[in-house]
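# Analysis of the macromolecular model
Residue strings, one per chain:
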Amino acid sequence: MEPAVIGARLASSVVSPLIRKLFLTDGPGAGLVDKPIRVSGLVSFRGEKRTLSDKDLHKISEELVRRAAQSTGVEELLPNFEKRAVANAVADSLRVMGTLDMDDVQAVKLGHLGLSRHLRSQSNTATLGLSSDAVTLHASVMNTACLHILNFFTQRSTFVPRTLLEQSRSIEELTLKIDSLIARAPSPADGPFEDRYARYIAAKHGKLSIFGLDLSGSPETWRLDTAYLSLDAAGDATNAVPTLLSADHVLAGRNRVLLRGVAGSGKTTLVQWLAVSTAQKSLDEHLLYLYGLVPFVLPLRTLTRGGATLPAPDEFLSAVDCPIAGLQPPGWFDRVLRSGRGLILIDGIDEIPEDDRSDARRWLQELIGTYPGNRWLVTSRPSAVREHWLVSDDFAELDLAPMSRDNVAEFIKRWHKAAGISDQYANELLRAVRAKQDLGRLATNPLMCGLICALHQDRRGYLPEGRKEIYDAALSMLLFRRDRERGVYKSGSIHISEAHHIQLIQKLAYWMIRNGRSEMDRTDAVELLRQALPTMPKVAEQGTAEEIYRHLLIRSGLLREPSADSMDFIHRTFQDYLGAKAAVEGLDFDFLIANAHLDQWEDVIRMAVAHARPTERTRLLTGLIRRDDASPHGMNRLHLLAAACLEHATELDPAVRAEVQQRAAALIPPRSADQARALTEVGPVVLDLLPGPREPAPDEVPPLSEQSRAERQSLVHEAYFTVLAAARIATDAAITVLAQYRGHPDLRVRNELVRAWSRFDTDTYGQEVVAHLAEEQLYFPVSNMRELRALYSFGGRSRIKISGEFTTAGFVNACRTDRLTHLWVEADMGRTWWWLHSFPNLRSLTIETLHPRIDVGTLAQVVSLRTVRLPEGTLTTGADLLPPSMKIVHERLSAI
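Residues numbered from 1 in each chain as written. Predicted model: local features only at pLDDT ≥ 70, side-chain atom pairs only at ≥ 80, totals over all residues. Heavy atoms only, no water.

## A word on the overall build of the chain
Our working definition: A helix here means a DSSP run of H or I that spans at least four residues, while a strand means a run of E at least two residues long, and both kinds are numbered starting from the N terminus. Only protein chains enter the accessibility calculation, which uses a 1.4 Å probe; a residue whose area is less than 20% of its type maximum is buried, one above 50% is exposed, and one in between is partly exposed. Between two residues, a contact is recorded if the distance between any of their heavy atoms is within 4.5 Å. For every accessible area listed, the method is Shrake-Rupley and the probe measures 1.4 Å; residues are considered covered only by the protein chains on display.
The number of helices and strands found in the chain is 37 helices and 20 strands. Each of the 896 residues in the chain was classed as buried or not, and the buried ones make up 54%. Put simply, 66% of the contacts in the chain that link residues at least 6 apart link residues at least 24 apart. On the chain, roughly 38,500 Å² of surface is accessible, and the fraction owed to carbon and sulfur atoms is 51%.

## Remarks on the pairing of strand β5 (residues 256-260)
Worth spelling out the cut-off: Strand pairing is assigned whenever DSSP identifies at least 2 bridges connecting the two strands.
Of all the five residues making up β5, five are buried; the element is thus mostly covered by neighbouring parts of the structure. As judged from the four bridges shared by β5 and strand β9 (residues 396-400), these two strands associate in the parallel manner. Bridge pairing links L258 to E397 in β9.

## So, the packing of aromatic side chains
Filter applied, for reference: Two aromatic rings, drawn from Phe, Tyr or Trp (for Trp, its six-membered ring), form a pair once their centres lie within 6.5 Å of each other, and the interplanar angle then sorts them: stacked below 30 degrees, edge-to-face above 60, tilted otherwise.
In total, this model carries 20 aromatic pairs according to the counting rule given. Seen from their ring centres, Y471 and Y577 are 5.1 Å apart, and the 65° between their planes marks the pair as edge-to-face. Taken together, the positions of Y471 in helix α20 (residues 467-486) and Y577 in helix α25 (residues 572-585) put the pair 106 residues apart, joining distant regions of the chain. Residue class for Y471 comes out buried when judged on its relative accessible area of 4%. Relative accessible area serves as the criterion here: at 1%, Y577 is assigned to the buried category. Ring geometry for F811 and W835: centres 6.2 Å apart, planes at 85°, overall edge-to-face.

## Observations regarding the sheet that holds strand β16 (residues 844-847)
Put simply, the rule reads: Whenever a helix is involved, its axis is fitted only over the stretch in contact; in every case the axis is a line through C-alpha atoms, and angles between N-to-C directions fall within 0 to 180 degrees.
In space, the six strands of this open sheet follow the order β13-β14-β15-β16-β18-β20, with parallel pairing throughout. Strands with a single pairing partner mark the edges of an open sheet, and in this sheet they are β13 (780-782) and β20 (887-891). Neighbour-to-neighbour, the strand axes of the sheet open up by a mean angle of 20°, direction not taken into account. For strand β14 (residues 799-802) and strand β15 (residues 822-825), the ladder comprises four bridges, and the chain directions are parallel. The partner of I802 across the bridge, within β15, is V825. Sheet strands in contact with helix α36 (residues 785-793) are β13 and β14, and its direction is about 140° off that of β13.

## Describing unusual backbone geometry
The omega torsion across I668 and P669 is 5°, close enough to zero to call that bond cis. Within the chain, D394 stands out as a residue other than glycine whose phi angle is a positive 65°. In this structure, Q777 takes a positive phi of about 65° despite not being glycine. Residue position: Q777 is located in the loop between α35 (762-768) and β13.

## Focus: helix α15 (residues 357-370)
The cut-off we apply is this: Every helix has an expected span of 1.5 Å times one less than the residues it contains. Throughout, the arc means the angular range of directions from the helix axis out to the C-beta atoms.
Between its first and last C-alpha, α15 extends 20 Å over 14 residues, near the 20 Å set by a 1.5 Å rise per residue. All of the buried residues in α15 are R357, A360, R361, W363, L364, L367 and I368. All buried residues of α15 lie within an arc of 160° about the axis, which places them on one face of the element. Exposed side of α15, more than 90 degrees from the buried face: E366, G369 and T370 are the residues found there.

## A look at the side chain of Q328
Checked against the element boundaries, Q328 lands in the loop between α13 (316-319) and α14 (332-338). Note on Q328: relative accessible area 17%, which makes it buried. Beyond its immediate stretch of four places on either side in the chain, Q328 contacts F193, D314, L317 and F333.

## Focus on the environment of R196
Checked against the element boundaries, R196 lands in helix α9 (residues 191-205). Each C-alpha atom, one on R196 and one on L327, is 10.0 Å from the other, the two residues being 131 residues apart in sequence. Those residues in contact with R196, other than ones at most four positions away along the chain, are I324 and L327.

## Some remarks on the packing of helix α29 (residues 632-645) against helix α30 (residues 654-665)
Basically, it comes down to this: Any angle between 65 and 115 degrees counts as roughly perpendicular, while under 35 counts as roughly parallel, over 145 as roughly antiparallel, and the rest as oblique. By definition, any crossing whose near helix is turned counterclockwise from its far helix by less than a right angle is left-handed, and any crossing with a clockwise turn is right-handed. In this classification, the charged set is Asp, Glu, Lys and Arg, the nonpolar set is Ala, Val, Leu, Ile, Met, Phe, Trp, Tyr, Cys and Pro, and all remaining amino acids, among them Gly, are polar.
The contact between α29 and α30 brings their axes to 9 Å, and the two run at 135°. The orientation of α29 with respect to α30, classified from their angle, is oblique. For the pair α29 and α30, the sense of crossing is left-handed. Only V660, R663 and A664 of α30 make contact with α29, whose side of the interface consists of H639, L640, A642 and A643. Across the contact of α29 with α30, the residue classes tally to five nonpolar, one polar and one charged.

Now the structure itself:
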């Protein structure tokens, strides 16, 4: 018999009188009291006013079961002893109401099925040994009983006034939210234009190029909402307890952010995602902070095209060639920005020459000074702007973190799914990336992951080793095999060899590098080709410079036209790689060395070392480390750059290699976040140079001298930045370095060690590092069940921070419930918190959610809980239901 049928056949006239006996008679009065009335105080079978004996409770249960069995025919299927057992189970479940730590309003909100499940879960031993039919009967009787229980609650004289009081509070909160939304709403005159502009943003930025997909017969672009992979951003290293957060949320609770990320790390893709999400207005609860905003996507490479000055706000749209710029209503931009509705996304500070960045900063400061209430995101490569470059303007500074093992696995699966390739190839590649350290070290950002996926598929599972070899293979795939395998060549069409393709395109790349440009005018590109064609007669005879340009644009897969009058590379990485090749072939070593201190040349220098022959590498590297015209800071950068080049120097004079390593070793251990980032760029070779923790001098007689305290603090900084550098290199060899610091007492050091867990093998890193970390004040982050089970095997932890996808049951079952005292929740664990009663010693709960409203009333039965921390600005309901011993604290939770 279906449970719903059982419930339907139990008439209200039978059940309702029985249920009413379970509760005390309602007294007079409106019931407008400060303290809520618990369900446990309403029942008639416990307390000083008890009117129902335990025997009476059993009789009611027996009658409910008998009536249900008769009305459905179950009576004939179940023996009498089992029907008595079901009655006992119903009595046990109903008896739970006597200890229930919720009031009638909360119970009604929970619903009759939710209340039934909760009562039965508290007496789950009552049905042990019963048949499946008997268990079904028990559940059905309880479902029906709870329906009538809730109906009884709603008819009580105190219920309506209580709910009206709660409704009035909710209406007040809702009014505040509506006022906020009205402030974000466009004026009637602007609405139609904003709708059209939103459609333009969604169309222009709503597609993502996934490298190599076109080689499999799939579209060259993919819908952003299908292909987008959210990565993590890390907070400023100077914070006491830095944290990781989803890059999607960098502007949640922050109006101004400077986001750093290496080439290919996904900065521009994040800008696209934020712009499209805002424009489409179909935001999930985690992006509600973007609701009502108007996105302005401002790539600096485009804004400064042809030496143009940075635009005023009324020129934002025309500066990026928006086709509807001329249709914006008069004064529209000013109304948007004055009302604080602007989302200004400034992409690529590193894309403009270093000498122009001060002007860009002044332009930004003037905009913020005029329109301070908007949200601002600025992106850059790490080396392009110094640490704290915009801190004085109230910008939070974040770094895009390298892709974790889970990120890489998810990217590989999505790439193969988008390409229509079987899971077998995806699984094979994933095994290869995890087995080969060199390959795994390269797969740390979306660009390199896409390259590796495309090459793995194109070469039927064979992958080259090393960054240069991967770039070479990718260029061959793009410039030659792509057209050949797609059957593009036709009689009479232009046919340019792979070598000539590279020769022509690298001339364009080197011109852009020498001139500090990321885009070039179309006319300049055609003119450069016209000058080069006489040296290539086999190419020149096939067409004019204009025709050759069109052929390269369409067929190479490397070039694109962001506007009708400009040209750029599909990614800056390919520009730097080919420009470096042109510089080496032109023997431009002195020019390379002279510009090596400029951040825009760093990747060019690395690739030049890869392209150069052994004697040329010696010339380049010695030139870098022996330059004497740079500032001390500039010399440090050059020495670290030379060390970073060693991984590309497959053949090099041992004496030169030793000198480069010696110069770099003088900068170790790192003493700032900038130095830690620079060491990360050096790669795994730096792991051999990083020291273990240094012990401080023995304590003096207290109090310590000022000098002694400063020395101790310096040692802590060294340890922290050393761990920061090693953790971001994220190869298995780094675990050996990091394990040396597992006994360090400083919270920042331990926090960086534990948050690096997701970048390494769960079991290996867990056993070598995480299991040994002192627990004092340290939250142990878990992003998946495997990490949670590992913590369980280590004996559990008192402080846990959860993110990722978890179910409440899965989390509870995989925890040492008696050990947990502090829980930090970033994962979506639902809207009710009854499940936390499973942790008898839980004292502190932090809920870091972007949801604007949280019902904390469901925490009332977590009797051990003392403090609930919520983000600033979060609205709460049900706080009046909490006991006086429980405190709600609103604060800025993220350490960023």
